Amino acid sequence: MIRDHFRVLKIDLATGRGQVEEIEGRDACAGGSGLAALLFGRLGLADRSWEDPEQPLIFAIGPLTGYFPLMSKVVCAFKSPYHDQYAESHGGGRAALSMRFADLDALVITGKAKRPSCVVVGSRKLEVKDVHYLWGRSVQRTGQMLRRMVGGSGHRSILRIGPAGENRSAMACINVDTYRHFGRLGGGAVMGAKNLKAIAIVGDGSFDLPAGKEYAPLFQKIYGQLTETTMMDKYHNLGTPINVAVLNGIRALPCRNLQRTSDEAISGITGETFAERALLRNTACAGCPVGCIHLGFLREKFAEPHQYLYRQVTYDHEPIFAMGSMLGVLDAFQVLTLLEVAEKAGLDVMSAGVALAWATEASERGLISEKETLIPLKFGDAGAYAAAVKHLGLGANDFYRLLGQGTLKAAEQYGGADFACVLGQEMGGYATGEVFFVSQALGLRHSHLDAGGYSYDQKQKGKDAAQAVEFLVQDEKARVFLTSMVSCLFAREVYKEAALADCLNAVGYRNLAENMDSVARRVQNMRWQMRLKTGFDPGSVKIPERFKQVATWKGAIDPEYLNSLQTNYAQRIREMGSSSERG
Ligand code: SF4
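Owing to the predicted nature of the structure, the values given are computational and were not obtained by experimental measurement.

Asks: How do you make sense of the overall build of the protein chain when you look at a structure like this?
Replies: A tally of helices and strands in the protein chain yields 25 helices and 19 strands. Computed over the C-alpha atoms, the radius of gyration of the protein chain is 22 Å, within 12% of the 25 Å expected from 2.2 N^0.38 for a compact globule of 583 residues. Overall, the protein chain is about 65 × 60 × 50 Å in size when its C-alpha atoms are taken along their principal axes. Per-residue burial over the protein chain gives 61% buried out of 583 residues.

And the structure:
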């Protein structure tokens, strides 16, 4: 299984055929983010639209997948419907392990199927099934039906889209095994444009563990750090929702379309409240002993006098902020209800919540009316938002279809760009200050996870833009190496440089272990090269006025510092994207 090349299955949906190719570049690009950028560089069509059937949809795992815990992510790369540029999205669940057991480093899907289809792949299997009867079905119903249709329970991963993806919403996610997602930048629409309702990856093969004496004790050591120390406690215990009260307490939680950064009634949706009132159980991505996935329950009466059914809904900090504080919905069960509606539609909950927060303020200001929103929107009105999320997923009218392409697209037509909470895409759940705002606005994935800008804001008091940007660039580089390994970023304190080198050596990737820094820099440059080649101009990014008006825990935003950060970071991105150091 250790090999110096990548084993890549390429499938053409137009013919229903596929072939495995051996692609060189392991020592240069490692896997995950590096492999995805390498494949997009070869197969992506920079000058053609994201909807072009020949654009590739790429899924890649890393060299440590299956050998060490929390090497559990898959990197999905595509040309995004959100900005028609190169994009990466990361998802957990069982997909990574299923790909390892199917003996695939990457899966690349091109072409457009004639009928709505499901691709089923295994170690010796490829089938493109006609599933026209699933088109229009919710993510949940599609999952239920596919689990019955595709064998291999326990080894199989099912990726699928809902109506939002079929409608090509730029906010459509790809659901992975019910509780995880390739959430952002519209991967679901890429599947929809290919008539691809689902992908089932069946991990039906096997592989040997590394020979030699290093591996077993190293595995034990890492497993022990993950399970017997306090390092991962916060993820298992309250999970990421612990941040809701913390950020609210320091005035750094986006509330009511970022008109405020704290809410005095926040106690209804804190991590503590979810844990005490709504938590049903924890679950985990395959191969992870931490179990940070928190499942809340929703109870529904289906008959008198006391007949109930319950459903399980996953929650995290980001979804709670987007469907909770951002919309003024401050009841845990109401937030779970909104999350469930978005999940069924196959919408990215963060993008949807932030977009509807803008729509609410636009309604209040009279820029749009019920003619557009179909239902009056009001902060705190969870019932109205449940209907609006459905409308957004279905693309119920011109307004919702446009909003589904991005809040700024809707603002272009209706006005209100100043208060659109968009930093490259709809914002993440941190209003910590200038460094985070610039980090998300310009970061490659426009994700709060691109670099630790939110933490820099909280730790550093000075306003040295060059120093802050140097931090962002270096932190991004370290994270890029982790995402090339496909590590869960929650494990970044465990998988520090020395530990990663030990792991690579123990598995047999000695060249990678010796050259980690240069590989990380190369992959970082390659990703920026893809982004610039597909049209990204870091100098033209506009940070809406709302981010300059809001008061965070540090007080008022300093527009000069913000500008200086933006100019500096844009310059560094141009340099990285034009560097000659490539794969
Ligand atoms: S810590 Fe959470 S997200 Fe990370 S691998 Fe484990 S269950 Fe998945």
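Asks: Is there a simple way to explain the packing of helix 10 (residues 271-278) against helix 12 (residues 332-345) in this structure?
Replies: Packed helices, taken two at a time, are described by the angle between their axes plus the distance between the axes. One way to put it is that helix 10 packs onto helix 12 with a least axis distance of 10 Å and a crossing angle of 90°. With respect to helix 12, the axis of helix 10 lies roughly perpendicular. For the pair helix 10 and helix 12, contact is made by Phe274, Arg277 and Ala278 and by Ala332, Phe333, Val335 and Leu336, respectively. Its residues placed into classes, the contact of helix 10 with helix 12 shows six nonpolar, no polar and one charged.

Asks: Hey, could you run me through the site of the ligand in this one?
Replies: Near the ligand the following residues occur: Leu70, Ser72, Lys73, Arg180, Ala284, Cys285, Cys288, Cys292, Ile293, Cys488 and Phe490. For the shell around the ligand, the per-class residue count stands at eight nonpolar, one polar and two charged.

Asks: Got a minute to help me understand helix 15 (residues 382-394) in this structure?
Replies: Quick reminder: α-helices carry 3.6 residues per turn. Residues three or four places apart thus point the same way. Over its 13 residues, helix 15 extends 18 Å from the first C-alpha to the last, a length consistent with the 18 Å expected when each residue adds 1.5 Å. All buried positions along helix 15 are accounted for by Ala382, Ala384, Tyr385, Ala386, Ala388, Val389, Leu392 and Gly393. The secondary structure elements touched by the buried residues of helix 15 are helix 5 (163-166), helix 11 (317-323), helix 12, helix 13 (349-364) and helix 16 (398-403). Immediately beyond the C-terminal end of helix 15, within one or two residues, lies Gly395, with a positive phi of roughly 60°.

Asks: So what exactly am I meant to see when it comes to the sheet that holds strand 12 (residues 196-202) here?
Replies: Pairing between sheet strands relies on hydrogen bonds along the backbone, with the strands arranged either parallel or antiparallel. The sheet built from six strands is open, its strands ordered 8-7-12-9-10-11 with mixed pairing. Of all strands in the sheet, those bounded by a partner on one side alone are strand 8 (125-130) and strand 11 (180-182). Taking each pair of neighbouring strands and ignoring which way they run, the sheet shows an average axis angle of 20°. Summarising the sheet, strand 7 (residues 117-122) and strand 8 pair through six bridges and their orientation is antiparallel. Along strand 8, the bridge assignment pairs Val120 with Glu127. Packed on one face of the sheet, helix 4 (residues 139-149) meets strand 7, strand 8, strand 9 (156-160), strand 10 (174-176) and strand 12 and runs near 145° to strand 9.

Asks: Explanation requested: the sheet that holds strand 1 (residues 5-12) in the structure shown.
Replies: With mixed pairing, six strands are arranged side by side in an open sheet as 2-1-6-3-4-5. Across the chains shown, the open sheet's two edge strands, defined by having one partner strand only, are strand 2 (17-24) and strand 5 (86-91). Pairs of neighbouring strands in the sheet enclose a mean axial angle of 20°, with direction left out of account. Sheet topology places strand 3 (residues 57-60) next to strand 4 (residues 74-79); three bridges connect them, and they run antiparallel. Counted as the bridge partner of Ala60 is Val75 from strand 4.

Asks: Help me understand the packing of aromatic side chains in this model?
Replies: What characterises a pair of aromatic rings is the spacing of the ring centres plus the angle enclosed by the ring planes. For the structure shown, the criterion picks out 21 aromatic pairs. Taken together, a centroid distance of 6.0 Å and an interplanar angle of 15° make the contact between Phe219 and Tyr223 stacked. Residue Phe219 and its partner Tyr223 are both found in helix 7 (residues 215-228); the two are separated by four residues, about one turn of the helix. Take Phe219: its relative accessible area is 24%, and that puts it in the partly exposed class. Aromatic side chains Phe274 and Tyr315 sit 4.5 Å apart centroid to centroid with 35° between the ring planes, which places their arrangement in the tilted category. In this pair, Phe274 sits in helix 10 while Tyr315 sits in strand 15 (residues 307-315), placing the two residues 41 residues apart along the sequence. On the accessibility criterion, Phe274 (0% relative accessible area) is buried. Residue classification places Tyr315 among the buried positions, given a relative accessible area of 1%. Taken together, the ring pairs connect Tyr430, Phe436, Phe437, Tyr454 and Phe547 into an aromatic cluster. Between Arg299 and the ring centre of Tyr308, over which it is positioned, the NZ or CZ distance is 3.7 Å.

Calculation rules
- Residues numbered from 1 in each chain as written.
- Predicted model: local features only at pLDDT ≥ 70, side-chain atom pairs only at ≥ 80, totals over all residues.
- Heavy atoms only, no water.
- Helix = DSSP H or I, 4+ residues; strand = E, 2+ residues; numbered from the N terminus.
- Rg over C-alpha atoms; globule rule 2.2 N^0.38 Å.
- Buried < 20%, exposed > 50% of the residue type's maximum accessible area, 1.4 Å probe, protein only.
- Axes fitted to C-alpha atoms, helices over the stretch in contact; angles between N-to-C directions.
- Parallel < 35°, antiparallel > 145°, perpendicular 65-115°, else oblique.
- Contact = heavy atoms within 4.5 Å.
- Nonpolar A, V, L, I, M, F, W, Y, C, P; charged D, E, K, R; others polar.
- Near = heavy atom within 4 Å.
- Expected span 1.5 Å × (residues − 1).
- Pairing = 2+ DSSP bridges.
- Phe/Tyr/Trp six-rings, centres within 6.5 Å; stacked < 30°, edge-to-face > 60°.
- Lys NZ or Arg CZ within 6 Å of the ring centre and 35° of its normal.

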